[in-house]
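Structural overview for review
One letter stands for each residue in the lines below.
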Amino acid sequence: MSIDETTAARVAKLSRIEVAPEALPALAEDFNRILGFIEQLGEVDIEGVEPMTSVTPQVLKRRADAVTDGDQQGKVLANAPDAREGFFAVPKVVE
Amino acid sequence: MVKLNELGLSAARDALRKGETTSKDLTEACLSAIEGAGALNAFVHHTPELALARAEAADARLAAGDAPAMCGLPIGIKDLFCTKGVPSQAGSRILEGFLPEYESTISQNLADAGAVMLGKLNMDEFAMGSSNETSAYGNAVNPWRRGNDDAALTPGGSSGGSASAVAADLCLAATGTDTGGSIRQPAAFTGTVGIKPTYGRCSRWGIVAFASSLDQAGPMTKSVRDAAIMLEAMCGHDPKDSTSADLPVPDFEAALTGDIRGKTIGIPREYRMDGMPDEIETLWQDGIAMMKDAGAIITDISLPHTKYALPAYYVIAPAEASSNLARYDGVRYGHRAKLAQGDGITEMYEKTRAEGFGPEVKRRVMIGTYVLSAGFYDAYYNRARRVRALIKRDFEQVFAAGVDAILTPATPSAAFGLGEMTDADPVAMYLNDIFTVTVNLAGLPGIAVPAGLDKQGLPLGLQLIGQPWAEADLLNSAQVLEEAAGFVAKPGKWW
């Protein structure tokens with residue numbers, strides 16, 4: 001399985017990372033090296049083996065269905081690059 | 001006369017309790033060592049005022065006879081831990097200016113135990129790297145050099161700043177985190193001790209996430225005893241991390257009996273790699289002989305899926321990273337790119353992430369996106385998770401057969417030169433974690449102990465891998481190895 005520039009561009013788009021067109025060939029080459037390394041996994045007999053979901057056997061704890069946190073608008077917004085009137089501000093989303 | 005910053009945790013603790021020194025003196029000794037060590041680039045955010053205030057509070061507690069385990073002991077905190085009101089950037093540009101409104105559970109536990117934070121330590125960006133060269137702050141430098149050669153060496157990664165600071169006596173100990181070897185590899189490269197506990201032993205709350213199913217915090221120290229003291233202060237159940245184990249925390253220091261007679265130590269044949277330097281092989285054989293002399297039973301074991309650990313890791317870790325790092329979008333914290341006229345929200349995301357992430361982080365986020373994308377999820381991600389189950393089963397089988405701990409080299413080489421791997425294939429760098437990554441995939445505790453010097457005078461480490469939740473036993477075996485190896489070398493001061 002070889003990654004071409006079109007695929008590399010599509011993956012960059014899915015990742016929401018801008019990649020200049022001239023950087024795509026090197027990126028595709030990196031992908032191919034890494035995926036080539038990963039291909040070894042194809043040698044392993046995984047018949048009947050379930051994918052691991054949790055490395056330590058555990059049952060997730062439950063807690064009372066009650067509000068235990070909140071009312072921290074100032075703290076939540078304190079690090080925002082652009083916060084206005086109690087909201088996160090972003091460029092226009094809907095025309 | 002030993003300088004105060006050269007002490008380890010246990011010696012400093014004992015001196016404090018006998019009234020031979022004060023936390024203020026210890027803290028000032030470290031702060032002045034840090035000030036003189038700019039060339040190591042280990043501390044990247046300095047908090048001297050906070051440190052002195054905490055030292056003063058610790059001295060008051062000591063005087064009042066109310067001193068918790070780490071009262072007054074100055075330590076460094078890896079930049080991956082969120083610390084309230086103190087920059088916490090995970091070594092990344094994208095978190096420039098981020099001042100957490102909260103404190104990570106681990107750094108809070110340490111503060112509650114009386115520890116004094118000196119500042120934040122350099123690391124590979126988002127803990128992705130084995131040489132510290134992916135850091136937005138520029139790399140930390142290893143205080144060790146090859147004989148009289150003044151070429152700068154890597155302190156390893158990702159917890160390279162922590163390793164460099166502990167080895168150079170800028171602090172008594174430091175926190176690290178380990179996703180594929182990021183505590184153990186830098187510890188081995190700097191002649192220090194580093195333990196990654198069992199997955200779930202330390203809370204991950206407030207630690208910037210890389211690969212959540214693999215990440216664990218742990219201490220980086222000057223001795224195994226110090227690791228026991230600090231690990232105990234760090235761990236414990238935390239309701240804010242759903243994977244934090246609700247188990248009692250043993251008295252790790254009390255477990256250091258020095259007696260390992262009758263313990264079974266497994267030697268995995270798959271860890272003998274082609275092209276491994278003779279010195280590493282010799283070190284390993286020496287370690288085996290030391291454990292045997294101490295009364296352990298040595299047995300050859302097989303972990304047949306070892307070879308597939310790194311490829312499985314390089315599917316699972318990037319997959320989890322691509323999901324975890326989706327939060328850096330320029331909206332809630334950190335960097336946002338300057339936008340051009342007419343740019344919409346998608347351009348904001350794409351430009352922000354292109355500017356904020358370094359090349360290795362981008363590469364891993366994109367690989368993760370690819371292996372999780374429609375059509376490849378089963379072939380890559382699910383296959384890797386199934387191989388991971390087999391890797392864990394390998395360990396379960398040897399433990400069930402009576403093996404108490406496993407002895408391996410910690411790294412395939414000594415510290416390499418900064419810049420030496422720049423043009424290498426990314427996969428060549430990944431091979432640094434070949435002996436450590438299996439432990440993360442299986443969720444086990446692993447410790448790196450300095451065991452000798454190579455021909456060029458650089459430290460080499462051995463790794464012991466323990467059964468789940470058996471840190472107490474593991475630390476005891478590690479201390480036996482430490483004492484037998486008698487590693488006392490320190491780097492000559494050039495900085």
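Conventions we followed
Residues numbered from 1 in each chain as written. Chains lettered and ligands numbered in written order. Predicted model: local features only at pLDDT ≥ 70, side-chain atom pairs only at ≥ 80, totals over all residues. Heavy atoms only, no water. Buried < 20%, exposed > 50% of the residue type's maximum accessible area, 1.4 Å probe, protein only. Helix = DSSP H or I, 4+ residues; strand = E, 2+ residues; numbered from the N terminus. Pairing = 2+ DSSP bridges. Contact = heavy atoms within 4.5 Å. Polar contact = N/O pair within 3.5 Å; in protein donor to acceptor, adjacent residues only side chain to side chain. Salt bridge = Lys/Arg side-chain N within 4 Å of Asp/Glu carboxyl O. Nonpolar A, V, L, I, M, F, W, Y, C, P; charged D, E, K, R; others polar. Axes fitted to C-alpha atoms, helices over the stretch in contact; angles between N-to-C directions. Parallel < 35°, antiparallel > 145°, perpendicular 65-115°, else oblique. Left-handed = near helix turned anticlockwise from the far one by under 90°. Phe/Tyr/Trp six-rings, centres within 6.5 Å; stacked < 30°, edge-to-face > 60°. Lys NZ or Arg CZ within 6 Å of the ring centre and 35° of its normal. Expected span 1.5 Å × (residues − 1). Patch = residues over 30% accessible without salt bridge, like charges linked within 9 Å, V, L, I, M, F, W, Y side chains within 5 Å. Areas by Shrake-Rupley, 256 points an atom, 1.4 Å probe, with all protein chains shown as cover. Core = buried A, V, L, I, M, F, W, Y, C linked by side-chain atoms within 4.5 Å.

Moving on, we get to the pairing of strand S9 (residues 405-409) of chain B. The side chains of a regular strand alternate, first on one face of the sheet and then on the other. Residue and element names in this part refer to chain B. Counting buried residues in S9 gives five out of five residues, a clear majority hidden from the surface. When strand S7 (residues 264-268) meets S9, the two strands line up parallel, connected through two bridges. Within S9, the residue paired with Ile-265 across the bridge is Ala-405. With five bridges connecting them, S9 and strand S11 (residues 459-466) associate as antiparallel partners. For Ala-405, the partnering residue across the bridge sits in S11 and is Gly-466.

All names here are of chain B. When you line up the elements, Glu-270 lands in the loop between S7 and helix H8 (278-293). In the structure, Glu-270 is positioned 33 residues away from Leu-303 in sequence and 6.5 Å away in space, judged by C-alpha atoms. Apart from the residues within four sequence positions on either side, Glu-270 is in contact with Ile-301, Ser-302, Leu-303, Pro-304 and Thr-306. Within polar-contact distance, the side chain of Glu-270 engages the side chain of Ser-302 at 2.6 Å.

Another aspect to go through is the interface of chain A and chain B. Across the contact, 54 residues belong to chain A and 67 residues belong to chain B. Inspection of the region where chain A meets chain B yields four salt bridges. With its nearest N and O atoms 3.4 Å apart, the salt bridge here joins Lys-307 of chain B to Glu-43 of chain A. Across the contact surface, chain A and chain B share 19 residue pairs in polar contact (both at pLDDT 80 or more). Of all the elements in the fold, those that place two or more residues in the side of chain A that touches chain B are helix H1 (5-14) and helix H2 (24-38) of chain A. Of all the elements, H2 of chain A adds the most residues to the side of chain A that touches chain B, at eight residues. For the side of chain A that touches chain B, a count of residues per class yields 30 nonpolar, nine polar and 15 charged.

What follows is about unusual backbone geometry. The omega torsion of the bond from Gly-157 of chain B to Ser-158 of chain B falls at 10 degrees, within 30 degrees of zero and hence cis. Phi at Glu-85 of chain A takes a positive value of approximately 50 degrees, unusual for a residue other than glycine. In this structure, Glu-85 of chain A sits in the loop between strand S1 (83-84) and strand S2 (87-88).

All names here are of chain B. Under the counting rule described, the total for this entry stands at 27 salt bridges over all chains. Here Asp-169 ties to Lys-222 by a salt bridge, and the two come within 2.7 Å at their closest N and O atoms. Taken as a pair, Asp-169 in the loop between helix H5 (160-167) and strand S4 (173-178) and Lys-222 in the loop between strand S6 (216-221) and helix H7 (224-234) lie far apart in primary sequence, 53 residues in all. Across the pair Glu-253 and Arg-225 runs a salt bridge whose closest N-O atoms are separated by 3.0 Å. Of the two residues, Glu-253 sits in the loop between H7 and S7 while Arg-225 sits in helix H7, which places them 28 residues apart along the sequence. Glu-253 sits in the buried class, given a relative accessible area of 18%.

Turning our attention to the packing of helix H2 (residues 23-35) of chain B against helix H3 (residues 48-63) of chain B. Residue and element names in this part refer to chain B. Running from N to C, H2 and H3 cross one another at 160 degrees; their axes reach a closest spacing of 8 Å. One finds that H2 runs roughly antiparallel with respect to H3. By crossing handedness, the relation of H2 to H3 is classed as right-handed. Residues Ser-23, Lys-24, Thr-27, Glu-28 and Leu-31 of H2 touch H3, and the partners they reach there are Pro-48, Ala-51, Leu-52, Ala-55, Ala-58 and Asp-59. Per-class residue counts for the contact of H2 with H3 are six nonpolar, two polar and three charged.

What follows concerns the sheet that holds strand S1 (residues 43-46) of chain B. Residues and elements named next belong to chain B. Taken in spatial order, the eleven strands of this open sheet run S1-S3-S2-S4-S6-S5-S10-S11-S9-S7-S8, and their pairing is mixed. Bordering the open sheet on either side are S1 and strand S8 (297-301), each of which pairs with just one other strand. Strand-to-strand, the axes of this sheet are offset by a mean angle of 30 degrees, without reference to chain direction. In the packing of H7 onto the sheet, the strands contacted are strand S2 (74-78), S4, strand S5 (193-196), S6 and strand S10 (446-453), and the crossing angle to S6 comes to about 145 degrees.

Residue and element names in this part refer to chain B. Counted under the stated rule, the structure contains 17 aromatic pairs over all chains. When the ring of Tyr-271 is compared with that of Phe-435, the centres are 5.7 Å apart and the planes differ by 20 degrees; the resulting orientation is stacked. With a gap of 164 residues between them, Tyr-271 in the loop between S7 and H8 and Phe-435 in the loop between helix H13 (426-430) and helix H14 (437-441) connect regions that are remote in the sequence. Both residues of the pair, Tyr-271 and Phe-435, count as buried. One Lys or Arg, Lys-240, reaches over the ring of Trp-205 and ends 3.9 Å from the middle of that ring.

On to helix H9 (residues 309-324) of chain B, then. Since the α-helix turns once every 3.6 residues, residues separated by three or four places project in the same direction. Here H9 of chain B contains 16 residues, and its C-alpha end-to-end distance of 22 Å stays within 8% of the 22 Å for a straight helix at 1.5 Å per residue. For H9 of chain B, a buried count of 15 out of 16 residues is recorded, marking the element as mostly surrounded by other parts of the structure.

Residues and elements named next belong to chain B. Burial within S11 is extensive, with eight of its eight residues counted as buried. Here S11 shows two buried faces, one formed by Pro-459, Gly-461, Gln-463 and Ile-465 and the other by Leu-460, Leu-462, Leu-464 and Gly-466. From the end of S10 to the start of S11, which pair antiparallel, there are five residues, and Gly-457 there has a positive phi angle of about 85 degrees.

On to a nonpolar patch on the surface, then. Taken together, Val-90, Val-93 and Val-94 of chain A make up a surface patch of nonpolar side chains, about 270 Å² in accessible area. Relative to the helices and strands, Val-90 of chain A resides in the segment after S2.

Residue and element names in this part refer to chain B. If you look at the biggest cluster of nonpolar residues, it comprises 174 residues, and the most contacted ones within it are Met-70, Leu-110, Phe-126, Leu-170, Phe-395, Leu-407 and Leu-475. Discounting chain neighbours no more than four positions away, the residues touching Leu-110 are Met-70, Ile-75, Ile-77, Ala-115, Thr-175, Met-230, Ala-233 and Met-234. Counting seven residues, the second-largest nonpolar core is a separate cluster that includes Ala-163, Ile-183, Ala-188 and Met-220.

Attention shifts here to H2 of chain B. Between the first and last C-alpha of H2 of chain B there are 18 Å, a value that for 13 residues agrees with the 18 Å anticipated at 1.5 Å per step. Residues of H2 of chain B that are buried in the fold lie against helix H1 (9-17), S1, H3, S2 and strand S3 (116-121) of chain B.

Residues and elements named next belong to chain B. In the contact formed by helix H4 (residues 105-112) and H7, the axes pass within 8 Å of each other and the chain directions differ by 115 degrees. Regarding the angle of H4 to H7, the classification is roughly perpendicular. Seen from H4, the contacting residues are Ile-106, Asn-109 and Leu-110; seen from H7, they are Met-230, Ala-233 and Met-234. The residue makeup of the contact of H4 with H7, split by class, is five nonpolar, one polar and no charged.

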